[in-house]
Amino acid sequence: MNPLRLSILLSFALLSGCANIPDSYAPPVQRRPLSGADPSPIGHFVSMSDPDADAYIVKDVSQAAEAGSWRWTRKRPELRFFLESIEHLNFKADLSIAETTLRETGPVTISVLINGNLLDTIRYADAGEKHIDKPVPEKFLRAKAVNFAALEIDKVWVSKTDGAVLGFILTRAGFTQ
């Protein structure tokens, strides 16, 4: 075979084995549409035992659930809730006043605030489980939006050993019809 012909055949054979492989790229970032279904992971009510309870907490609530069902609060615990509708809603909360803290603070008053509006003030002179259930004026609320509820205690207990601040025990809270 002619050396020139052989070199041309070899060149074609070598070139036919080469392929232009495109670079690999990560898939594009997935985003939710700006309109449409509610993107919020929060709802209208939360129990401190819920696995997603941290998503509702804004401030002044302990990070860990005690006994898997309740959490200590500090001075002004605040929670956030997503409300589709605002018609005929009550704010409800289950809490407890600890005898140990009440012994040092004396009677306490808890102010219930909805989006910064004072809903009620409740005085507790005895320890134990308490239940709040108050109708909320529609003008305090925002439909299809995040709403904030705060429960501010007038006196907190402060540990003499480590300075820990305790208000009351919160079990569950939110809005119901």
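Look up: the structure comes first, before these words.
Residues numbered from 1 in each chain as written. Predicted model: local features only at pLDDT ≥ 70, side-chain atom pairs only at ≥ 80, totals over all residues. Heavy atoms only, no water.

## Description of the overall build of the protein chain
Quick reminder of the rule: In this description a helix means any DSSP run of H or I spanning at least four residues, a strand means any run of E spanning at least two, and both kinds are numbered starting from the N terminus. Whether a residue is buried, partly exposed or exposed follows from its accessible area with a 1.4 Å probe, protein chains only, as a fraction of its type maximum: under 20%, in between, or over 50%, in that order. Throughout, a contact is declared for two residues whenever any of their heavy atoms are within 4.5 Å. Residue exposure ignores everything except the shown protein chains as possible cover, and the areas themselves are Shrake-Rupley values with a 1.4 Å probe.
Looking only at helices and strands, the protein chain features two helices and 11 strands. Each helix and strand of the protein chain, ordered N terminal to C terminal, gives the series α-β-β-β-β-α-β-β-β-β-β-β-β. Looking at the protein chain as a whole, 36% of its 177 residues qualify as buried. Within the protein chain, contacts between residues separated by at least 24 positions form 65% of all contacts whose residues are at least 6 apart in sequence. When the accessible surface of the protein chain is summed, it comes to about 11200 Å², and 55% of that surface belongs to carbon and sulfur atoms.

## Considering the side chain of Asp94
Note the following rule: Think of a polar contact as two N or O atoms within 3.5 Å of one another; within protein, one of them needs to be a possible hydrogen donor and the other a possible acceptor, and neighboring residues in sequence only count if both atoms come from side chains.
Residue position: Asp94 is located in strand β4 (residues 90-97). By relative accessible area, which is 19% here, Asp94 ends up buried. Within the local environment of Asp94, its side chain forms a polar contact with the side chain of His131, the two groups lying 2.4 Å apart. Setting aside its immediate chain neighbours within four residues, Asp94 contacts Lys130, His131, Ile169, Leu170, Thr171 and Arg172.

## Considering the pattern of salt bridges
To keep it simple, the criterion reads: For salt bridges, the criterion is a side-chain nitrogen of Lys or Arg within 4 Å of an Asp or Glu carboxyl oxygen.
For the structure on display, the rule yields 11 salt bridges. Of the charged contacts, one joins Arg74 and Asp60 as a salt bridge, the two residues approaching to 3.7 Å between their closest N and O atoms. With Arg74 in strand β3 (residues 71-83) and Asp60 in strand β2 (residues 57-61), the pair connects residues that are 14 residues apart, well separated along the chain. Note that Asp120 is salt-bridged to Lys134, the shortest N-O span being 2.9 Å. Here Asp120, found in strand β6 (residues 117-124), pairs with Lys134, found in strand β7 (residues 128-135); they are 14 residues apart in sequence, far enough to count as distant. Judged by its relative accessible area of 22%, Asp120 falls in the partly exposed class. Several salt bridges converge on common partners, so that one network encompasses Arg76, Glu78 and Glu152.

## Let's talk about the side chain of Ser96
Relative to the helices and strands, Ser96 is located in strand β4. Judged by its relative accessible area of 14%, Ser96 falls in the buried class. Ignoring anything within four residues of it in the chain, the contact list for Ser96 reads Gly128, Glu129, Lys130, Phe168 and Ile169.

## Side note on the pairing of strand β8 (residues 145-153)
Defined as follows: Note on pairing: two strands pair once DSSP finds at least 2 bridges between them.
Strand direction decides the pairing type here: β3 and β8, joined by six bridges, are antiparallel. Note that in β8 the partner of Glu78 across the bridge is Ala150. Two strands pair when backbone bridges link them, and strand β5 (residues 108-114) and β8 are joined in this way by five bridges, in the antiparallel orientation. Opposite Val112, over in β8, you have Leu151 as the bridge partner.

## Overview of the environment of Ala143
Note that Ala143 resides in the loop between β7 and β8. Given a relative accessible area of 42%, Ala143 falls into the partly exposed group. Along the sequence, Ala143 and Phe82 sit 61 residues apart, while their C-alpha atoms lie 8.3 Å from each other.

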